[in-house]
Amino acid sequence: MICRDLITKLAAENALSRREWVFLWSNYSPEDRAYAASAAGRIAEKIFGRNVFIRGIVEFSNFCKNDCFYCGIRRSNSQVVRYNLSDEIILECCQSGWENGICTFVLQSGEAAEFDLERMCALVRKIKAQFAGCAVTLSLGELSFEEYAALRNAGADRYLLRHESADPVHYRKLHPVSMKLENRLQCLEHLHQLGFQTGCGVMLGSPFQSAESLAEDMVFMQEFKPEMIGVGPFIPHRDTPFGKFASGTLDSTLFMISLCRLMHPQVLLPATTALGTLQANGRVLGISSGANVIMPNLTPRAVQENYNLYDNKKHTDRAIGEAVSLLQQELSCINYSLKAGRGDFGG
Ligand code: SAH
């Protein structure tokens, strides 16, 4: 068995066995990574052309009742100044994106101790009414079926909930016992049942991750068939229990992006901010490895530093218009362009 053959098989059949995944994650070389990246790039180009969808992310609140060991806005981090943006400000953020051709708004937050469902539903309605034809993606963590259903009824289109690790032993090392992998996977099932375009995903190089745990992730994603996959490198945050661990590597993250593209050719796959934090051109490399989405930050500059999930998170000092044209410039260097529109799965 050699890695290159497994990558070819993955491209042809969109699946590998658990044993094959373990082999691939244990033995891939830089040449295998390049081979996967070019195969993934070709598939993405065939399906999407040399186009990249654009989403504006608003990190609207950092209140969180959870204590994930990796995350800078975990409950126990008392250094964080907590904030919760008003609807008015959130709508202004969306407006600035809308004026620059952004038609998908991603609302992300920590998990508030008391989740205000009414407010969230009303906010989704307001955004959908004010920006006719836009898509709303939510990333609010684990909620009940009823809460997800209400948000779906309010008009939310997509939901991002990284599963973080499909290996129960590894999951346990990343989270306190109060957080259950079972519950997270149940949430993902519920989101699918409700008709959300659903995103799962992992951090590459999170502490204690192994070829076996990555194989579990691949098998899970193979079966779950997400419409979106969020992958980025783990990057330590100094005020967390994982503050002294090393970051995940650019290469392993790019390899994961390529494998996800080969596994689910149609999937919406962002080149994440964390990738851009690791290396200045990280997001562009993500695109040439098979990603097809970029998510510029619409969060007001004044609160961005309070949403530091990890150290040195990139902040946007420029106005969104400028950030978008810079992005366009970067992409044109590899002959890609930003594509207007909602950019739905299968659309
Ligand atoms: N509360 C929401 C949003 C979490 S933040 C939820 O639970 O889904 C979004 C993602 O950031 C997380 O899913 C996690 O994978 C990633 N993240 C958190 N800390 C990180 C770190 N130190 N390095 C890289 N990514 C991190």
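One can find the structure itself at the top, above this paragraph.
Residues numbered from 1 in each chain as written. Predicted model: local features only at pLDDT ≥ 70, side-chain atom pairs only at ≥ 80, totals over all residues. Heavy atoms only, no water.

Soluble globular proteins tend to bury their nonpolar side chains together. Among the nonpolar cores identified, the biggest contains 100 residues, and Trp21, Trp25, Ile127, Leu138 and Met256 are the most heavily contacted of them. It is helix α10 (residues 250–263) that contributes the most residues to this core, nine residues altogether. Excluding its chain neighbours within four sequence positions, the residues that come into contact with tryptophan 21 are Leu10, Leu16, Ala215, Met218, Val219, Gln222, Leu259 and Met263. Membership of the second largest hydrophobic core comes to nine residues, among which are Ala44, Phe53, Val106 and Met295. (Core = buried A, V, L, I, M, F, W, Y, C linked by side-chain atoms within 4.5 Å. Buried < 20%, exposed > 50% of the residue type's maximum accessible area, 1.4 Å probe, protein only. Helix = DSSP H or I, 4+ residues; strand = E, 2+ residues; numbered from the N terminus. Contact = heavy atoms within 4.5 Å.)

Attention now goes to helix α14 (residues 320–332). The α-helix winds at 3.6 residues per turn, so residues separated by three or four positions along the chain end up facing the same way. The terminal C-alpha atoms of α14, which comprises 13 residues, lie 18 Å apart, in line with the 18 Å expected from a rise of 1.5 Å per residue. Burial in α14 covers these residues: Ile320, Ala323, Val324, Leu327 and Leu331. The buried residues of α14 occupy an angular sector of 100° when the element is viewed end-on, so they sit on one face. Those residues of α14 hidden inside the fold are in contact with β1 (51–54), α4 (87–98), α12 (282–288), β9 (293–294) and β10 (337–339). (Expected span 1.5 Å × (residues − 1). Arc of directions from axis to C-beta.)

So, on to helix α1 (residues 3–13). Among all positions in α1, only Cys3, Leu6, Ile7 and Leu10 are buried. All buried residues of α1 lie within an arc of 100° about the axis, which places them on one face of the element. Of the surrounding elements, those touching the buried residues of α1 are α2 (18–27), α3 (30–48) and α10. Of the residues trailing α1, asparagine 14 is marked for its positive phi of about 60°.

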